[in-house]
Structures are given as C-alpha cells and as structure tokens.
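An overview of the molecular structure
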Amino acid sequence: MSQRLNLPIRPRRNRKNAAVRGLSRETVLTPQDLIYPLFIHEDESDDAIESMPGCHRWSLAGLVKEVGEAYSAGVRAVVFFPKIEEELKTSKGEECFNPDGLVPRAIKAVKEAYPDVVVITDVALDPYNSDGHDGIVVEGDDGELKILNDETVEVLCRQALCHADAGADIVSPSDMMDGRVGAIRAALDSAGHEDVSILSYTAKYASAYYGPFRGALDSAPKAGDKKTYQMDPANSREALREADLDVAEGADMLMVKPAGPYLDIVRLIRDAVDVPVAAYQVSGEYLMIKSAAKDGWVDEEKVAMESLLGIKRAGADMILTYFAKDVAARLGAS
Ligand code: PBG
C-alpha cells in the first residue's frame, strides 16, 4: 500500500468529471464570437481556392448561399475580400470606391437576404492596386518604393464611404496607414454615417502567415514588402502605441493580426483598452492546421477548436477565422 499524501489542496477535484469541468470552465467559445471571412469574385462560378482548402472564391449567388449556411450554424458576422480583375487595377486603386463595384454589390446582396447579419468590409488598396500594396506607391529618388500615407488615406475614406453607402455595418481598415481611423470617422460622420462602426486593424504585423491569402486574391506586392507600414513581429510596445491612437481617433473595436503567434499582443491590448478586441486567425494559421490534418497528423476539428479557444482565452472578444462556419456548426451540435 502506498502512502497517502497529506494534500488538502488537490486541483484535480475540479476536473473530476464532465459536469464539474463544465462548472469550472473559464472560457467558452460561441458562434456569436466568430466572424467569417469570405472571398468573392466577378464570376458566375464558385471556385475552390487551391492555397486554402475548404475556401472558395464565391460568385454573388454562391456568397449569399454560403452566408445562409453560416447563418444556420449561428454565425452573424461576415467580412468580404474581393479578387479584382487585373484590368481594373490602377496605381491609385480607384475601383475601390466604384459604387457599382463587386464589394458594394456583395454588401447589398447579403444585407437583402440576411438583414441581421453584420457585414464588415476590408478597407485597403491591395486588391485594387496595380502594385499590390495597401497604399499608393511611388518610386523615391533613391529608387526605393515609397508608400504614400496621406494620399492613401484620402482614397481609403472614399472606399469606406462607398461601403457605408452600400449598407456595410462596419468598415475595417487593414492598411496600417497613420491617421486613417480619424479620417475615416470624420468622412463617415460628415456623410451621415455616424452609425457605421470602425473595426481597426490596430496591430497588424508584417507576417509571412498571409501567404495563402495573397495567393487566393492575387494580391501579393509586385515589388518590395509591407514592412514600412505593417508592424515588426519583434515589437509589442508599438502595438500599445497604435492602440492608443486608434482609440483616440474613434475606433470602435481594435484588431490584432495574426492571432495564434501574437497571443501576447492580444492580452496586452485587451488589458490596455476598454473597447472590444478582435483577433484574426489568418490564412497561414488556417492552412497549417488544414495540412497537418489532411495528412492525418492532427485531428482538424479538435485542433481548430483549441486554437480558437486559446485566442479567446488570451483576451479576444471576437475572432475572424476561416473555420467559422464549421466550428459554429459543431458548437451548435454539441
Ligand atoms: C490586406 C489584407 C491581408 C489580409 C487581410 N487583409 C493581406 C496582407 O496584408 O498582405 C490577410 C488575411 C489572411 O492571411 O488570412 N489588406
């Protein structure tokens, strides 16, 4: 007989069965926490995206159908990413504020079919910009590419207004230009769109995890990289500086991106501000789980769920994830 340890405190008592574990659980993931990113294109067909298994570039009809399926699973928020035809791309990306463009039509189609779905739009130039950057590019005297800040902000304001006019509930600047939140807020307010919210990509890192997304949209920079506007992965104090500015400029919600490799930043910002915080589980994070599961190395359902729970536990109030529909369906079923 082994000796009984004298242990008045035994943490395992709170894990002794499913019901006790249920009572003790600190973090619960629900379908309402999830935002579903959807790719759209100017085509009648719905094309599977090779670099992102399980994701499609949707036609407008396909988009409405997919939103409907996600809706049935309990998802109430979506965000659109357009693949723009090459001939519509220009150096200033004017197509981004075309009222008859792909995104405004997608907003109207989804709001008409599902008025209570929150439609979020991405505000940045990269899908529309012939240089593949989030802002307007010029070549400096030294031959280096320069991304123009203030000129870009002007175009972003027109893009945000165009989305608001079409019925977007939330506009989400992902460009990382300085001062864009304040400028967009002022532009929206002066056009009578004071109810349209801003979800700002506050701490968006210059990350290699965006690779599959850029493949899906053909939106990779033609030259150079995004390091003069997206943040250095080595930095966290800078994230707080961006957060303070975005809140002061009127952002309603802040975002950290990517999510999984930046959980410390999610927690840092959650503790520093009072507005809701979002985290974006990006294409590379998604693909890594998908590929490992495809080869049978991990259980996709369980790892996807655990990755999202971890992001929420770190402090995210909402999560953008390509798993949104599947995970919501599973949460509803369990
Ligand atoms: C561009 C944008 C990117 C993503 C969302 N908006 C790519 C980039 O900054 O190059 C990436 C999302 C993902 O990888 O899932 N404004």
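This text follows the structure it describes.
Keep in mind it's a predicted model, so treat the numbers as computed, not measured. (Residues numbered from 1 in each chain as written. Predicted model: local features only at pLDDT ≥ 70, side-chain atom pairs only at ≥ 80, totals over all residues. Heavy atoms only, no water.)

1. Here's the deal with the overall build of the protein chain
Each helix and strand in the protein chain was counted, giving 11 helices and 12 strands. Counting only C-alpha atoms, the protein chain reaches 80 × 45 × 40 Å along its principal axes. Going through the 334 residues of the protein chain one by one, you find that 50% of them count as buried. Taking the intrachain contacts of the protein chain between residues at least 6 apart in sequence as the baseline, contacts between residues at least 24 apart amount to 74%. Per element, the accessible surface of the protein chain, about 15,900 Å² overall, is 50% carbon and sulfur. Of the side chains in the protein chain, 38 bear a positive and 56 a negative charge, and the two mean positions are spaced by 12 Å. (Helix = DSSP H or I, 4+ residues; strand = E, 2+ residues; numbered from the N terminus. Buried < 20%, exposed > 50% of the residue type's maximum accessible area, 1.4 Å probe, protein only. Contact = heavy atoms within 4.5 Å. Areas by Shrake-Rupley, 256 points an atom, 1.4 Å probe, with all protein chains shown as cover. Lys, Arg positive; Asp, Glu negative; His and termini not counted. Charge placed at Lys NZ, Arg CZ, Asp CG, Glu CD.)

2. Describing the site of the ligand
Taken together, 18 residues sit near the ligand, with Ser174, Arg214, Lys257, Ser283 and Tyr322 positioned nearest. Taking aspartate 126, its side chain carries an N or O atom lying 3.1 Å from a nitrogen atom of the ligand. Relative to its unbound accessible area of 400 Å², the ligand is 100% covered by the protein chains. Of the pockets mapped on this structure, the ligand occupies the largest cavity. Its residues assigned to classes, the shell around the ligand shows 8 nonpolar, 3 polar and 7 charged. (Near = heavy atom within 4 Å. Polar contact = N/O pair within 3.5 Å; in protein donor to acceptor, adjacent residues only side chain to side chain. 1 Å grid on protein atoms, 1.4 Å probe; cavity = no way out; pocket = protein on both sides within 12 Å on 5 of 7 lines; lining within 4 Å. Sits in = over half its atoms within 2 Å of the grid points. Nonpolar A, V, L, I, M, F, W, Y, C, P; charged D, E, K, R; others polar.)

3. A word on a negative patch on the surface
On the surface, Asp43, Glu44, Asp46, Glu85 and Glu87 cluster together to form a negatively charged patch. Checked against the element boundaries, glutamate 85 lands in the loop between strand S4 (77-83) and helix H3 (102-113). Exposure remark for glutamate 85: the relative accessible area of 31% places this residue in the partly exposed category. (Patch = residues over 30% accessible without salt bridge, like charges linked within 9 Å, V, L, I, M, F, W, Y side chains within 5 Å. Salt bridge = Lys/Arg side-chain N within 4 Å of Asp/Glu carboxyl O.)

4. Quick notes on helix H10 (residues 300-313)
Because an α-helix packs 3.6 residues into every turn, residues spaced three or four apart end up facing the same way. Compared with an ideal rise of 1.5 Å per residue, which puts 14 residues at 20 Å, H10 spans 20 Å between its outermost C-alpha atoms and is within 8% of the ideal. As for H10, its buried residues are in contact with helix H8 (263-272), strand S11 (277-281), helix H9 (283-294), strand S12 (318-321) and helix H11 (324-333). Taking the backbone nitrogen of glutamate 301 as reference, a side-chain oxygen 3.1 Å away marks aspartate 299 as the first, capping residue of H10. Among the residues trailing H10, glycine 315 stands out with phi positive, at a value near 130°. (Expected span 1.5 Å × (residues − 1).)

5. Quick notes on a positive patch on the surface
A cluster of like positive charges, contributed by Arg4, Arg10, Arg12, Arg13, Arg15 and Lys16, occupies part of the molecular surface. Summarising the element assignment, lysine 16 is placed in the segment before helix H1 (18-24).

6. A closer look at the layout of surface pockets
Each pocket or cavity is described by its volume, and for the largest pocket that value is around 320 Å³. The wall of the largest pocket is formed by 17 residues, among which Met176, Asp178, Thr228, Tyr229 and Glu242 lie closest to the centre. Breaking the lining of the largest pocket down by element, the ones donating at least two residues are strand S7 (145-148) and helix H7 (237-249). Residue classes in the lining of the largest pocket are distributed as 7 nonpolar, 3 polar and 7 charged. (Points joined across faces, edges and corners; volume = space filled by probe spheres on them.)

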